[in-house]
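# Observations on the three-dimensional arrangement
Residue strings, one per chain:
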Amino acid sequence: MSIDPQLRNLNIDLPACPQTLVRLSLLMADEHSSIDQLAALIETDMALSSAVVRTVNSALFGLLKRVETVHEGIRYLGMSQVAGLTYEIGLRGAFPPSPLLQLIWDRAGVRGLAMGRIARQLDVDPWAAHTSGLFAESGRAVLFAYDRERYAALDNDDGDEARLCSAEVEAFGVSHSALGAALCQAWGLSRDVSDTVRARSASDDHWTLERPNVQKLLAIGAAVDQLLLNPAGIPDPEDIWEGLAPIAHRVGLHFQSFQMATMRVCERLNLNPTEG
């Protein structure tokens, strides 16, 4: 995949992907890869390995038995979740810490985890779903790193993706959606992931222009954002599902299965899911 030439003309640098994550992306793209191969790769980076084990043992996952190795973590959570956690840790480390970015990464972690688990129940690629969720707002981190003061003043974090993208294009000449997609490509993620990140800010009636896999990822992401990550608080559940039903039908997801999977994941993550 080539990065949009227009982005190359902007004086905005994309952080380099750590070598371990480059190799991890190639490994996850190989359908014959094994638990042993994934564990061995992550464990070559001691700092990354210990961070993954700490995260797996956090309250978010609620494991009954504390894990001591990456291999144990994979056995309990599965390859896509542990690979996603590894990417999340690498993504956080690629940018300078700040309160704004901490909020973005916290949302990214929940979004990626939830999307991956929902996707698995709907026979959608869980690795693509997890990484799509992680990188959904990564372009905001790129813009923040480029001009911290100007971006912090621009971004009011009200959840209106279209408004934010318009303001970013006016201020910087590029939106966080486009930059996030470019970052996905630069870090070796699949086209489905980069296209999902790029199209996320578009209205859902335009999603049918995307490939079927991307449409499903966009729908899953929309459900997670509305049910778990809505900055305006918990909206009316009937309104949420009334809006999501036609989207699910349009992208080829069985709505009842979609709804059930989403609610089941919310419950298991102990994130006070909106009931419908």
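Above this note sits the structure.
Heads up: these notes are all about the structure in this document. (Residues numbered from 1 in each chain as written. Predicted model: local features only at pLDDT ≥ 70, side-chain atom pairs only at ≥ 80, totals over all residues. Heavy atoms only, no water.)

So, about the packing of aromatic side chains. Enumeration over the complete set of coordinates arrives at 9 aromatic pairs. Note on Phe95 and Trp105: the rings are 5.7 Å apart at their centroids and 40 degrees apart in plane angle, and the pair reads as tilted. Here Phe95, found in the loop between helix H6 (79-93) and helix H7 (99-121), pairs with Trp105, found in helix H7; they are 10 residues apart in sequence, far enough to count as distant. The same class applies to Phe95 and to Trp105, which are both buried. Seen from their ring centres, Trp241 and Phe258 are 6.4 Å apart, and the 85 degrees between their planes marks the pair as edge-to-face. Here Phe258 lies in helix H16 (residues 255-268) and Trp241 lies in helix H15 (residues 237-251), a separation of 17 residues in the sequence. Residue classification places Trp241 among the buried residues on the basis of a relative accessible area of 5%. (Phe/Tyr/Trp six-rings, centres within 6.5 Å; stacked < 30°, edge-to-face > 60°. Helix = DSSP H or I, 4+ residues; strand = E, 2+ residues; numbered from the N terminus. Buried < 20%, exposed > 50% of the residue type's maximum accessible area, 1.4 Å probe, protein only.)

Attention now moves to the packing of H7 against H16. Relative orientation of the contacting elements H7 and H16 amounts to 140 degrees, with a least axis distance of 9 Å. As the angle between them shows, H7 and H16 are arranged oblique. By crossing handedness, the relation of H7 to H16 is classed as right-handed. Residues Ala114, Arg117, Ile118 and Gln121 of H7 lie in contact with H16, whose contacting residues are Ala261, Thr262, Arg264 and Val265. Here the contact of H7 with H16 is composed, by residue class, of 4 nonpolar, 2 polar and 2 charged. (Axes fitted to C-alpha atoms, helices over the stretch in contact; angles between N-to-C directions. Parallel < 35°, antiparallel > 145°, perpendicular 65-115°, else oblique. Left-handed = near helix turned anticlockwise from the far one by under 90°. Contact = heavy atoms within 4.5 Å. Nonpolar A, V, L, I, M, F, W, Y, C, P; charged D, E, K, R; others polar.)

What follows covers the nonpolar core. Core analysis: the biggest nonpolar cluster contains 87 residues, and Leu24, Tyr87, Phe135, Ile220, Leu244 and Phe258 have the highest contact counts within it. At 11 residues, H7 tops the list of elements feeding residues into this core. (Core = buried A, V, L, I, M, F, W, Y, C linked by side-chain atoms within 4.5 Å.)

Secondary-structure assignment places Gln215 in helix H14 (residues 212-228). Among the residues examined, Gln215 registers a relative accessible area of 8% and is labelled buried.

What follows deals with the environment of Ala167. Within the secondary structure, Ala167 is located in helix H11 (residues 161-172). Given a relative accessible area of 17%, Ala167 falls into the buried group. Along the primary structure Ala167 and Leu154 are separated by 13 residues, whereas in three dimensions their C-alpha atoms are 7.3 Å apart.

It is possible for side chains bearing opposite charge to pair when their charged atoms get close. This model, assessed by the stated rule, comprises 16 salt bridges. The partner of Arg111 in a salt bridge is Asp225, with the nearest N and O atoms 2.9 Å apart. With Arg111 in helix H7 and Asp225 in helix H14, the pair connects residues that are 114 residues apart, well separated along the chain. Just as Arg111 is buried, Asp225 falls in that class too. (Salt bridge = Lys/Arg side-chain N within 4 Å of Asp/Glu carboxyl O.)

We now examine unusual backbone geometry. For Asp123, which is not glycine, the phi dihedral falls at a positive 60 degrees. On the secondary structure map, Asp123 appears in the loop between H7 and helix H8 (126-135). Note on Asp123: relative accessible area 74%, which makes it exposed.

For Val124, the location among the structural elements is in the loop between H7 and H8. Spatially, the C-alpha atoms of Val124 and Asn213 are 7.6 Å apart, while their sequence positions differ by 89 residues. The residues touching Val124, leaving out its near neighbours within four places in the chain, are Ala119, Lys216, Leu217 and Ile220.

Quick look at the side chain of Glu161 now. As for its placement among the helices and strands, Glu161 is situated in helix H11. Non-local contacts of Glu161, meaning those with residues more than four positions away in its chain, are made with His176, Ser177, Arg200 and Ser201.

On to H6. Along its 15 residues, H6 runs 21 Å from first to last C-alpha, staying within 8% of the 21 Å computed at 1.5 Å per residue. Within H6, 12 of the 15 residues are buried, leaving the element largely enclosed by the surrounding structure. Of the residues making up H6, those classed as buried are Met79, Ser80, Gln81, Val82, Ala83, Gly84, Leu85, Thr86, Tyr87, Glu88, Gly90 and Leu91. (Expected span 1.5 Å × (residues − 1).)

Their axes nearest at 10 Å, the elements helix H4 (residues 46-56) and H6 cross at an angle of 115 degrees. The handedness of the crossing between H4 and H6 comes out as right-handed. Of H6, the residues touching H4 (which contributes Leu48, Ala51, Val52, Thr55 and Val56) are Val82, Leu85, Thr86, Ile89 and Gly90. By residue class, the composition of the contact of H4 with H6 is 7 nonpolar, 3 polar and no charged.

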